[in-house]
Amino acid sequence: MDSSHMTLPSNNMNTVNKVMTKVFFRGYATSLLTTIVALAWSMPAHGATISWSGSSSATWTTGGNWVGGTAPNNSISTSTGDFAQFFSTISGRMPNVAGTRSINGMSFSNRNWQLNNTTVGGILSVGGNGIAVASQRTVDLNTLIRVNSQSWTTTGSAILNVNQAVTEVDGGPFILTKGGGGTMNINAGFAVGTLSLAGGFTVLGANNLLGDSMSIVNTTTANLNLNGFSDSVGTLLTGSGDLALNFGSISGANSFSFADSSSLLWGDGTLLIQNFENGFDTLRFGTNSSGLTAGQLSKIQFGAGGPLAQIDGSGFVTAVPEPSTYALLALAAVGFGLIRRFRR
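Quick notes on the rules
- Residues numbered from 1 in each chain as written.
- Predicted model: local features only at pLDDT ≥ 70, side-chain atom pairs only at ≥ 80, totals over all residues.
- Heavy atoms only, no water.
- Helix = DSSP H or I, 4+ residues; strand = E, 2+ residues; numbered from the N terminus.
- Buried < 20%, exposed > 50% of the residue type's maximum accessible area, 1.4 Å probe, protein only.
- pLDDT = per-residue confidence, 0-100.
- Contact = heavy atoms within 4.5 Å.
- Pairing = 2+ DSSP bridges.
- Axes fitted to C-alpha atoms, helices over the stretch in contact; angles between N-to-C directions.
- Phe/Tyr/Trp six-rings, centres within 6.5 Å; stacked < 30°, edge-to-face > 60°.
- Lys NZ or Arg CZ within 6 Å of the ring centre and 35° of its normal.

Caption draft 1: Representation of the overall build of the chain within the structure. Along the backbone of the chain there are four helices and 25 strands. Expressed as a percentage of the 344 residues in the chain, the buried residues total 49%.

Caption draft 2: Local environment of the confidence of the model for the chain. Mean pLDDT for the chain: 86, with 80% of residues reaching 70 or above. This stretch, residues 1–28, has a pLDDT under 50; its non-local contacts, to residues over four places away or in other chains, come to 80 contacts. With pLDDT under 50 throughout, residues 325–340 is counted as low confidence; its partners more than four residues away or in other chains account for one contact.

Caption draft 3: Here's a closer look at the sheet that holds strand β4 (residues 113–116). Pairing is parallel in the open sheet, where nine strands are placed in the order β4-β6-β9-β12-β14-β16-β19-β21-β23. The open sheet is flanked by β4 and β23 (300–302), the only strands paired with a single partner. For this sheet, the mean angle separating the axes of adjacent strands, direction not counted, is 15°. Alignment of strand β9 (residues 159–162) against strand β12 (residues 183–186), held across four bridges, turns out to be parallel.

Caption draft 4: Layout of the packing of aromatic side chains. Within the structure shown, the criterion is met by 14 aromatic pairs. Arranged with centres 4.9 Å apart and planes meeting at 10°, the rings of Phe86 and Phe108 form a pair that is stacked. Placement of the pair is Phe86 in strand β2 (residues 83–86) and Phe108 in strand β3 (residues 101–108), with a sequence separation of 22 residues. Phe108 shares its class with Phe86; the two are buried. Among the aromatic residues, ring-to-ring pairing joins Trp52, Trp60, Trp66, Phe86, Phe108 and Trp113 into one connected group. In this structure, Arg111 is placed above the aromatic ring of Trp113, and the distance from its NZ or CZ to the ring centre is 5.7 Å.

See below:
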């Protein structure tokens, strides 16, 4: 197996699908996390590893643009789908899918890359070996993408810009794991069964980009930066690592809503709420006070070392007021009472 992409993670789709049917029940939440962690680092088989050269043009399907003279098979299959390696290119030619194609996986290294698709509605389907971006490199995905269960890994300071919509191939729901310490910028619609945050930073680029029913899972310490935007998703399942939910902007009113997550058994990590403006920003779980359990609320913290959380009758989660706040309110009430008494 080619050592140039031995670190590419993925998932066994049959196992993932069996677990996904059970994700909404508390007793199976741990099984989902275990499955994601265990399978995220497995490497499914694939066909040949084929390297891009761009010798002839920018067109993906032209054999002369690939080392060896043959373009990758048009398949996401683990047995026949090839793996595309983007390391160098002639005259700076960036690959152009120019239609609808399939690939088992891709890696990008050695320079910054743009993966384009000049065909309106053209789609690149990516199989179980996913996408890997080497450290200090930036990749722009300028094509519609369809996926099954897989990992997108941004190593070190790598940046992956998702500039066109991401959806699933048939047969889902699937799990897409964002791994590595780098950044994934979501600048277009992003709708998979589960987005698993396993490191680094995931940053939103506009309002309402995430799938309304897409579950969020964090298996290790990770960051979800709303970047001042608002969105709503499915359930949240936390793992052993902390998840920073950064509202990202200290001006304006931003909102983020999860579905009722009370049936899921959260891990030991903390959900750390950052840059949240009380009275302006809103965080919601479900539509009533049962959207989270008391145990889950105890794992939410507003700011590092800040107060814990409470949930109201409409599912809105806010920071528990500090004792000093209660004291000030009580003092104000006493003062108001004295004023009224004096006026009488």
